[in-house]
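What the coordinates show
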Amino acid sequence: MYNIRGNRQAQGAGHGPPGEDSPPSGEPVREEQPLPPNPSAPGDDPADSAKPAPKSSLTANLIQKAKRQNNTFPLFSEGLTRNRTAQEKVLALEQQVLILTKELKSQKELVRILHKALEAAQQEKRASSAYLAAAEDKDRLELVRHKVRQIAELGRRVEALEQEREGLVQTASLREQQVQELQRHVQLLMDKNQAKQQVICQLLEKVTQDFMQPHNRPPAPPDAADRDFLSQQEKMEHLKDDMEAYRTQNRFLNSEIHQVTKLWRRVAERQKALLMKCAYLQAKNCQVESKYLAGLRRLQEAVGDEASECSELLRQLTQEALQWEAGEASADSGVLSPISSEYDEYGFLTVPNYEVEDLKLLAKIQALEVCSHHLLAHEAVERPRRERWAALGELAPSAELKQLLRAGVPREHRPRVWRWLVRRRVQHLQAPGRYQELLSRGQACSQPAARQIELDLNRTFPNNKHFTCPSSSFPEKLRRVLLAFSWQNPSIGYCQGLNRLAAIALLVLDEEESAFWCLVAIVESIMPADYYSKTLTSSQVDQRVLQDLLSEKLPRLMAHLGQHRVDLSFITFNWFLVVFADSLISSILLQVWDAFLYEGTKVVFRYALAIFKYNEEEILRLQDGLEICQYLRFFTKTICDSRKLMSIAFNDMNPFPMKQLRQLRTAHGERLEAELQELEQLKAAYLETQASRLPAVPEACASEDELDGEA
């Protein structure tokens, strides 16, 4: 800056041309009249085109000019010659301009930093002044809170910058890895090139040796053995070269495969992380939507019919929440969500279609909770369980298989596992061609139970698309299975409930014969005798056994139900008859069946107790018998956490010995037989009494036959 100011002062003080400087202060200044430059000499300096002066004065001026140039441009050496070209001057000026430009930028940056510091100090001063000028503690507290919010905002910015820095560090590490991979790739290519060069050098040496042989000494004519030896040696050399080339190529391909494998693993891990994140976000979304619907439901109950505008708004919001757009939901949610379509994987409605508006809202809430539990357990539970089943191999009874069946069988393994479980139960009954024989018998003559079967076909799972769609083949398959069973077991023929058992077997096994033998295994092997007979004796016994077990395991609940005179058998009787087919959602129902086909009816008792334990607190909150009965009609559909229900059934209900169950069944069976015999005796006595007391027709009254005759 000092040099620039000096130059400007010198230019302002002198009257010479721009290319010539004025002498410094303190020396006499000699005024010269400038002349226009000579157009014939474009390469000359403008200072050289001035008027000629006396020799002594011209020499003194040139010396002073050199001194001034050395002082003005400190970058030039003092020994700079006077005949410097214009290009060197331009370069020196450009270098000086660059230096000054950099200095100017640094000064601007310093000024900007000082401005920011000044603004921060002014803000701090204003905040301190406002804090001191505040009249009340409330205002000061608000200022302090504002500062705290500013600090929190700055903390969040720092965290964001830290995350960005970490991301950049990870990106840099990935770039370094890529550079290392490329370096290894280049090294392999260089090795390959070197190997080729060695082969070329060897060939050149051989050709040189051949040309360097003296021409005056003709080679001896080789015989056949020498020619064969030379040809074999040449082939060996070629094979060695090929082997070396293949070896280098193999190293290169191995490195490429290794790199591709690493990329694939990296992409797979990233995809897995994204899927987990997507599942977690979908689960959170389902939870939020479920809470929103639950809030709407509570508002509906609280408002009632008091305010018409609020009621109308709540009704409109509820209708919008209940609208189901299956196509849009499927496009948005992909394959993770279990309610991404209107039906689940077995054809059941994910949101049951109830007629009552309140129950529709409850069904949607329950479906969202099921979705949330499924998504949250997808990576933590489902994946390890699938891996264990995939590594299980051949099925054999064991404690490990028992635990796996209790936890549930994955969908892709369930048909194979169920066939194995059914085969264990009915291997003494199965015979080749037995099912076809029963079908042909049904075609030859009519079955008395055929009419009741036809009536129940249309009532089988109205919430499943496979049994409601007119073009589906499942109703016809179900008809044949039930008719074949009626000929297999004529003592039962057909009982209401068998249609749902056979339908579940058809949905899982998808084969008529397999579903038929599954029904045979349940009725004739797993369930006690007379469970589906006309008197349903064993079914009634199990209801009494369940009452005793409930009194033992859940005494508070039974006391509460007894206080309000609620009989549970009108709910639980159907549970046992169809093994929860109408009660639980499909995912939990099939998990119950997985354990039921292996362990038997003990599983039904365990899950019946677990269902009441799962909802015990909700039932205890109800203080009206009618309200309790209404809640018991649909409370099994509110169960959405299969892991919690399984834990209650197989952990909280322990001890649960089979010996105790047999003893209770025997005791209640004897009591029921005695009651039935007593009832039969009373019935017979009543009929005898009625027969002995035939009323005589009074004379004044005419019988119906006489009246008909007179008419």
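As the structure is a prediction and not an experimental result, all values here were calculated from the model.

**Side note on the overall build of the chain**
Counting secondary structure elements, the chain contains 26 helices and 0 strands. Of all 711 residues assigned to the chain, the portion counted as buried reaches 32%. In the chain, of all internal contacts separated by at least 6 residues, the share reaching a separation of at least 24 is 72%. Within the structure as shown, the chain displays about 46,700 Å² of accessible surface, and the carbon and sulfur contribution to it stands at 55%.

**Some remarks on the packing of aromatic side chains**
For the structure shown, the criterion picks out 16 aromatic pairs. Ring geometry for Tyr531 and Tyr532: centres 5.6 Å apart, planes at 55°, overall tilted. Of the two residues examined, Tyr531 and Tyr532, each falls in the buried class. With a centroid separation of 5.4 Å and an interplanar angle of 40°, the aromatic rings of Trp575 and Phe612 are classed as tilted. Of this pair, Trp575 sits in helix H19 (residues 569-578) while Phe612 sits in helix H21 (residues 602-614), and the two are 37 residues apart along the sequence. Neither residue differs from the other here; Trp575 and Phe612 are each classed as buried. Positioned above the aromatic ring of Trp420, the side-chain terminus of Arg424 is 5.3 Å from the ring centre. Note that Lys644 overlies the ring of Tyr614, its terminal NZ or CZ placed 4.6 Å from the centroid.

**Section: the nonpolar core**
Judged by nonpolar contacts, the single largest core of 112 residues is most densely connected at Leu498, Ile522, Tyr532, Phe580 and Phe612. Each residue touching Phe580, except ones within four places of it in the same chain, is listed here: Trp575, Leu589, Val592, Val604, Tyr607, Ala608 and Ile611.

**Section: a nonpolar patch on the surface**
Nonpolar side chains collect at one region of the surface, where Tyr131, Leu132, Leu141, Val144 and Val148 lie side by side and expose about 460 Å² of accessible area between them. Mapped by element, the contributors of at least two residues to the nonpolar patch are helix H3 (86-133) and helix H4 (137-212). When residues in the nonpolar patch are grouped by element, the largest group, 3 residues, is from H4. With respect to the element layout, Tyr131 can be found in helix H3.

**Here we look at helix H15 (residues 498-509)**
With 12 residues, H15 extends 16 Å between its outermost C-alpha atoms, agreeing within 8% with the 16 Å of an ideal straight helix rising 1.5 Å per residue. Extensive coverage of H15 is indicated by the burial of 12 of its 12 residues. Taken residue by residue, H15 has Leu498, Asn499, Arg500, Leu501, Ala502, Ala503, Ile504, Ala505, Leu506, Leu507, Val508 and Leu509 as its buried positions. One or two steps after H15, the chain reaches Asp510, where phi turns positive at roughly 65°.

**Some points on the pattern of salt bridges**
On inspection of all chains with the given rule, the structure shows 28 salt bridges. Between Glu454 and Arg479 there is a salt bridge; the shortest N-O distance is 2.5 Å. With a gap of 25 residues between them, Glu454 in helix H12 (residues 450-457) and Arg479 in helix H14 (residues 474-488) connect regions that are remote in the sequence. Across the pair Asp456 and Arg459 runs a salt bridge, and its minimum N-O distance is 2.3 Å. Using a relative accessible area of 4% as the deciding quantity, one classes Asp456 as buried.

**Overview of unusual backbone geometry**
Here the amide bond leading from Asn654 into Pro655 is cis, since omega sits at 0°, within 30 degrees of zero. With respect to the secondary-structure elements, Pro655 resides in the loop between helix H24 (642-652) and helix H25 (658-692). Even without glycine at this site, Asp510 takes up a positive phi of about 65°. With respect to the element layout, Asp510 can be found in the loop between H15 and helix H16 (512-526). Take Asp510: its relative accessible area is 44%, and that puts it in the partly exposed class. Not every positive phi belongs to a glycine, and Val579 is a case in point at roughly 55°. Tracing the backbone through its elements, the reader meets Val579 in the loop between H19 and helix H20 (586-599).

**Digging into the UniProt feature "coiled-coil region" (unreviewed entry) in the chain**
According to UniProt, the positions carrying the feature "coiled-coil region" (unreviewed entry) are residues 83-199, 229-256 and 665-692. Across residues 229-256, helical content stands at 100% and strand content at 0%; the span's end C-alpha atoms are separated by 40 Å.

Parameters at a glance
- Residues numbered from 1 in each chain as written.
- Predicted model: local features only at pLDDT ≥ 70, side-chain atom pairs only at ≥ 80, totals over all residues.
- Heavy atoms only, no water.
- Helix = DSSP H or I, 4+ residues; strand = E, 2+ residues; numbered from the N terminus.
- Buried < 20%, exposed > 50% of the residue type's maximum accessible area, 1.4 Å probe, protein only.
- Contact = heavy atoms within 4.5 Å.
- Areas by Shrake-Rupley, 256 points an atom, 1.4 Å probe, with all protein chains shown as cover.
- Phe/Tyr/Trp six-rings, centres within 6.5 Å; stacked < 30°, edge-to-face > 60°.
- Lys NZ or Arg CZ within 6 Å of the ring centre and 35° of its normal.
- Core = buried A, V, L, I, M, F, W, Y, C linked by side-chain atoms within 4.5 Å.
- Patch = residues over 30% accessible without salt bridge, like charges linked within 9 Å, V, L, I, M, F, W, Y side chains within 5 Å.
- Salt bridge = Lys/Arg side-chain N within 4 Å of Asp/Glu carboxyl O.
- Expected span 1.5 Å × (residues − 1).
- UniProt positions renumbered as here; feature names shortened; annotations may be inferred.

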